[in-house]
Amino acid sequence: MTTATDKNQQLFERALKVIPGGVNSPVRAFKAVGGTPRFVQRAQGAYFWDANGQRYTDYIGSWGPMILGHGHPAVVDAVQKALLEGFSFGAPTEREVELAEEILSLVPSMEMLRLVSSGTEAAMSTIRLARGATGRNKIIKFEGCYHGHADALLVKAGSGLATFGSATSAGVPPEVVQHTLVLEYNHIAQLEEAFALHGKDIACLMIEPIAGNMNFVRASVPFMQRCRELCTQYGALLVLDEVMTGFRVALGSAQSVYAKAIPGFAPDMTVLGKVIGGGMPLAAFGGSRAVMEHLAPMGAVYQAGTLSGNPVATACGLATLREIRKPGFYEALAQSTQSLVSGLQAAADAEGVAFCSDSEGGMFGFFLLDQLPQNYPQVMKTSSPRFNQLFHGLLDRGVYIAPALYEAGFVSSAHTAEDIAATIEAARAVFKELSKA
Ligand SMILES: *Cc1c(COP(=O)(O)O)cnc(C)c1O
């Protein structure tokens, strides 16, 4: 509702004067769905309140980190204690060693890791390390996967099969992306062709194992297995970008889900972020000791950060990990998430609205399509006007999902069965409207 007394609108107008687009990260601007972004005043548990004091059930959770919901008492307590001991030292602390040990114990494919402050930084540093460790320049990524906004990763597919891509952002020189090969997700034949042509020059293949930046698309098991085999065969590093899926889909992250289907499966490197910071700026990248020892100060690959391993962020991350590793945590989270998507599915089916959905752990996706998409072009077949109608219908009823159809959704442990039932009822009302449209 945009009225003269709408505080969201007033704040947005103020913001537009001082911040490009009024936001500090583009998707927050509601450009895809239209309308006024909600300015968050505070959040607790599964809810946040906007500038008008309106409450929303939050299915974004800061785009993934808030797996415990907002303001979990154990996390708040740990952060408050840490704050009193100091904000930042620029010198090592015990807590960052503890956090590294904790993460490594849960994700055994990594023997060492380095802490940084954002997923972008972690993915960018991983690419540099992969290139430094292999002495090769080329990298493979997949259309629809997002790995942060480092220059070499802002690339879309070229015109032909297995051609090098072009930048998706102004300000990225063609020379910077000339080594980035962009392939179609879940396309085994194209992957094989790319390795046959360029395999000896490929430093790494980077992939979101469950792509959460084109809504929710799983890498098929045969595709993931082929990625692993080809990387091994050609001496390229397999990098799983688990910034979103890490500790979100399972305690062992998405790699543990694939290891159940592919015996012995493990990536060479893993990129983490979001959940490991519990809502504070914290991310990490890691892998085998042999690869990680190429990093400065041990090796020749430079990487550094003033706020890396920040003592408040690490306290927040550690407290979060200690909660999520408690027995039964993921079983309960997955069950809530499944009850949400199956309830949405049933409501859409009852109203005759084309709908399909998927989830893993506390991450879900749904599409206004008859069939789950396997790649980016299929995701983009969703009708934007219909999605936007669904988005605003839910928003008007106090349910906040991602303001764009190519984003995943997140359930936290703070979402109760009642919250989920209320969301399904809200969706049922919107589906009714959609079925008439
Ligand atoms: C969010 C995300 C990033 C970027 O992380 P930032 O902390 O936003 O820089 C990278 N990769 C994936 C898969 C992500 O979901």
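Since we're looking at a predicted model, the values are computed, not measured. (Residues numbered from 1 in each chain as written. Predicted model: local features only at pLDDT ≥ 70, side-chain atom pairs only at ≥ 80, totals over all residues. Heavy atoms only, no water.)

Draft legend 1. Inspection of helix α3 (residues 94–106) at higher detail. When the terminal C-alpha atoms of α3 are compared, their 19 Å separation across 13 residues agrees well with the 18 Å that a helix rising 1.5 Å per residue should span. Restricting attention to buried positions, one finds in α3 the residues Arg95, Glu96, Leu99, Ala100, Glu102, Ile103, Leu104 and Leu106. Buried-residue contacts for α3 involve α2 (73–85), β4 (112–116), β13 (269–272) and α10 (311–324). (Helix = DSSP H or I, 4+ residues; strand = E, 2+ residues; numbered from the N terminus. Expected span 1.5 Å × (residues − 1). Buried < 20%, exposed > 50% of the residue type's maximum accessible area, 1.4 Å probe, protein only. Contact = heavy atoms within 4.5 Å.)

Draft legend 2. Representation of the pairing of strand β16 (residues 363–367). Most of β16 is tucked away: five of the five residues are buried. Where burial is concerned, the two faces of β16 agree: the one with Met363, Gly365 and Phe367 and the one with Phe364 and Phe366 are both buried. Strand direction decides the pairing type here: strand β15 (residues 356–360) and β16, joined by five bridges, are antiparallel. Residue Ser357 lies in a different strand from β16, and its bridge partner there is Phe366. Hairpin connection between β15 and β16: a loop of two residues separates the two successive antiparallel strands, and Gly361 in this loop has a positive phi of roughly 55°. As judged from the two bridges shared by β16 and strand β18 (residues 409–410), these two strands associate in the antiparallel manner. (Pairing = 2+ DSSP bridges.)

Draft legend 3. Just the UniProt feature "modified residue: N6-(pyridoxal phosphate)lysine" (unreviewed entry) in the protein, in detail. On the UniProt side, "modified residue: N6-(pyridoxal phosphate)lysine" (unreviewed entry) is annotated at positions that read Lys274 here. Structurally, Lys274 is set in the loop between β13 and β14 (283–287). (UniProt positions renumbered as here; feature names shortened; annotations may be inferred.)

Draft legend 4. Local environment of the nonpolar core. Phe142, Leu205, Ile207 and Phe247 are the most contacted members of the largest nonpolar core, which totals 105 residues. Here this core takes eight residues from helix α11 (residues 329–351), the largest share from any one element. By size, the runner-up hydrophobic cluster in this structure holds 23 residues, among which are Ala123, Val243, Phe285 and Leu295. (Core = buried A, V, L, I, M, F, W, Y, C linked by side-chain atoms within 4.5 Å.)

Draft legend 5. Representation of the sheet that holds β4. Judged by pairing direction, the sheet is mixed, and its seven strands sit side by side in the order β4-β14-β13-β12-β9-β5-β8 without closing on themselves. The open sheet has two edge strands with one neighbour each: β4 and β8 (180–183). For this sheet the average axis-to-axis angle between neighbouring strands, irrespective of direction, equals 20°. Two strands pair when backbone bridges link them, and β4 and β14 are joined in this way by five bridges, in the antiparallel orientation. Residue pairing for β14: Arg114 is matched across the bridge by Phe285. (Axes fitted to C-alpha atoms, helices over the stretch in contact; angles between N-to-C directions.)

Draft legend 6. Focus on the domain arrangement of the protein. In terms of domains, the protein is made up of domain 1 (7–71 + 328–436) and domain 2 (73–324). Summarising the inter-unit geometry, the C-alpha centres of domain 1 and domain 2 are found 26 Å apart. Contact residues are listed per partner, giving 32 residues for domain 1 and 32 residues for domain 2. Carbon and sulfur atoms supply 61% of the area buried between domain 1 and domain 2, which totals about 2,600 Å² over both sides. When residues of domain 1 are sorted by the area they lose upon contact with domain 2, Tyr330, Glu360 and Met363 head the list and together hold 24% of the total. The interface formed by domain 1 and domain 2 includes two salt bridges. Summed over the shared surface of domain 1 and domain 2, the number is 15 residue pairs in polar contact (both at pLDDT 80 or more). When contributions to the side of domain 1 that touches domain 2 are tallied by element, the ones reaching two or more residues are α11, β15, β16 and α12 (376–379). Per-element tally for the side of domain 1 that touches domain 2: the top contributor is β16, with five residues. (Domains from an automatic or database assignment. Buried area = accessible area lost by both parts, 1.4 Å probe. Salt bridge = Lys/Arg side-chain N within 4 Å of Asp/Glu carboxyl O. Polar contact = N/O pair within 3.5 Å; in protein donor to acceptor, adjacent residues only side chain to side chain.)

Draft legend 7. Spatial organisation of the packing of aromatic side chains. Per the counting criterion, the structure on display carries 17 aromatic pairs. Centroid distance Phe364 to Phe366: 6.3 Å. Interplanar angle 15°. Geometry classified as stacked. A residue is classified by how much of its surface remains accessible, and Phe364, at 3% relative accessible area, is buried. The rings of Phe30, Phe48, Tyr56, Phe391 and Tyr400 are connected pair by pair, giving a single aromatic cluster. (Phe/Tyr/Trp six-rings, centres within 6.5 Å; stacked < 30°, edge-to-face > 60°.)

Draft legend 8. Focus on unusual backbone geometry. A cis amide bond links Ala296 to the next residue, Pro297, at an omega of 10°. Within the secondary structure layout, Pro297 lies in the loop between α9 (289–292) and α10. Positive phi outside glycine occurs at Asn215, with the angle close to 80°. Mapping Asn215 onto the fold places it in the loop between β10 (210–211) and β11 (217–218). By relative accessible area, Asn215 is classed as buried at 3%. Notably, Ser253 is not glycine yet its phi reads approximately 70°, a positive angle. Relative to the helices and strands, Ser253 is located in helix α8 (residues 253–261).

Draft legend 9. Broad picture of the sheet that holds strand β1 (residues 40–44). On the basis of which strands lie adjacent, the open sheet formed by four strands has the order β1-β2-β3-β17 and mixed pairing. Every other strand in the sheet has two partners, leaving β1 and β17 (399–400) as the edge strands with one partner each. The pairing of β1 with strand β2 (residues 47–50) spans four bridges and is antiparallel. Bridged to Val40 within β2 is Asp50.

Draft legend 10. Examining the state of the cysteines more closely. Inspection of the entire model under this criterion finds zero disulfides. No disulfide involves Cys204; its sulfur sits 8.1 Å from that of Cys231, the nearest cysteine. Owing to a relative accessible area of 0%, Cys204 belongs among the buried residues under this scheme. For Cys356, which is in no disulfide, the shortest distance to another cysteine sulfur is to Cys145 and amounts to 18 Å. Assessed through its relative accessible area of 6%, Cys356 is described here as buried. (Disulfide = S-S within 2.5 Å.)

Draft legend 11. Fine view of the site of the ligand. Taken together, Ser118, Gly119, Thr120, Tyr146, His147, Gly148, Glu208, Asn213, Asp241, Val243, Met244 and Lys274 make up the full set of residues adjacent to the ligand. Between the ligand and the protein, one listed contact pairs an oxygen atom with a side-chain N or O atom of Asn213 at 3.2 Å. Within the contact set of the ligand, an oxygen atom lies 2.6 Å away from a side-chain nitrogen or oxygen of Lys274. Considered class by class, the residues forming the shell around the ligand number three nonpolar, six polar and three charged. (Near = heavy atom within 4 Å. Nonpolar A, V, L, I, M, F, W, Y, C, P; charged D, E, K, R; others polar.)

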